[in-house]
Amino acid sequence: MASASIELQLSAALDSLEVLSVALHQFVEPLSLDPAVVYQADLAASEALTNIVRHGVNYDNNQYVKVKLICDGSCLKMTLIDHGKQIPADILSTLSHAP
């Protein structure tokens, strides 16, 4: 399977959930992935964008989220990047030591 990738810039708003879902489905359509994998990727993308909107940018739809979708062989990678509020270092440290 050949490598493929796309980048999107979406408004950090819940209205962007549908745009993200459609873009993801269009991206993976030619890749012939298992529908269960596509469903899980769509669910993960929706949850990540929702968390960015709610917790990272606090519903500030003047902010943007960069989305990268990459498929290289048998691996689908999805990255969402925002410039919102970071998770405090002490919480990240605690999470990194969790079993």
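See the structure above.
Residues numbered from 1 in each chain as written. Predicted model: local features only at pLDDT ≥ 70, side-chain atom pairs only at ≥ 80, totals over all residues. Heavy atoms only, no water.

1. Regarding the overall build of the protein chain
Secondary structure summary: the protein chain contains three helices and three strands in total. Reading the secondary structure of the protein chain in the N-to-C direction produces β-α-α-β-β-α. Considering only C-alpha atoms, the protein chain reaches an extent of 40 × 35 × 20 Å along its principal axes. The buried share among the 99 residues of the protein chain stands at 26%. The contacts of the protein chain with a sequence gap of at least 6 include a subset with a gap of at least 24, amounting to 66%. Averaging the locations of the 5 positively and 11 negatively charged side chains of the protein chain gives two centres separated by 8 Å. (Helix = DSSP H or I, 4+ residues; strand = E, 2+ residues; numbered from the N terminus. Buried < 20%, exposed > 50% of the residue type's maximum accessible area, 1.4 Å probe, protein only. Contact = heavy atoms within 4.5 Å. Lys, Arg positive; Asp, Glu negative; His and termini not counted. Charge placed at Lys NZ, Arg CZ, Asp CG, Glu CD.)

2. Focus: the environment of Leu24
Position of Leu24 among the secondary structure elements: in helix α1 (residues 16–28). The class of Leu24 is buried, set by a relative accessible area of 1%.

3. A short note on α1
End to end, α1 covers 18 Å across 13 residues, agreeing with the expected 18 Å (1.5 Å per residue, within 8%). Taken together, the buried positions of α1 are occupied by Ser16, Leu20, Ser21, Ala23, Leu24, Phe27 and Val28. Down the axis, α1 shows its buried residues gathered within 165 degrees of arc, on one side only. The exposed set on the far side of α1, more than 90 degrees from its buried face, consists of Glu18 and Gln26. Taken together, the buried residues of α1 touch β1 (4–11), α2 (35–56), β2 (64–72) and β3 (75–81). (Expected span 1.5 Å × (residues − 1). Arc of directions from axis to C-beta.)

4. Focus: a nonpolar patch on the surface
There is a patch of nonpolar side chains on the surface, built from Ile87, Ile91, Leu92 and Leu95 and spanning about 370 Å² of accessible area. Mapped onto the elements of the fold, Ile87 is located in the loop between β3 and α3 (89–96). (Patch = residues over 30% accessible without salt bridge, like charges linked within 9 Å, V, L, I, M, F, W, Y side chains within 5 Å. Areas by Shrake-Rupley, 256 points an atom, 1.4 Å probe, with all protein chains shown as cover. Salt bridge = Lys/Arg side-chain N within 4 Å of Asp/Glu carboxyl O.)

5. A closer look at the pairing of β3
Pairing of β2 with β3, which is carried by seven bridges, proceeds in the antiparallel orientation. Residue pairing across strands places Lys68 opposite Thr79, the latter belonging to β3. Following β2, the chain reverses through two residues before pairing antiparallel with β3; Gly73 in that reversal takes a positive phi of roughly 80 degrees. (Pairing = 2+ DSSP bridges.)

6. Considerations on unusual backbone geometry
For residues that are not glycine, phi is negative in most cases, and the peptide bond is trans in most cases. Phi angles above zero are rare outside glycine, and Ser32 is one such case at about 55 degrees. Along the polypeptide, Ser32 turns up in the loop between α1 and α2. Residue Asn58 is not a glycine yet carries a positive backbone phi of 50 degrees. Relative to the elements of secondary structure, Asn58 occurs in the loop between α2 and β2.

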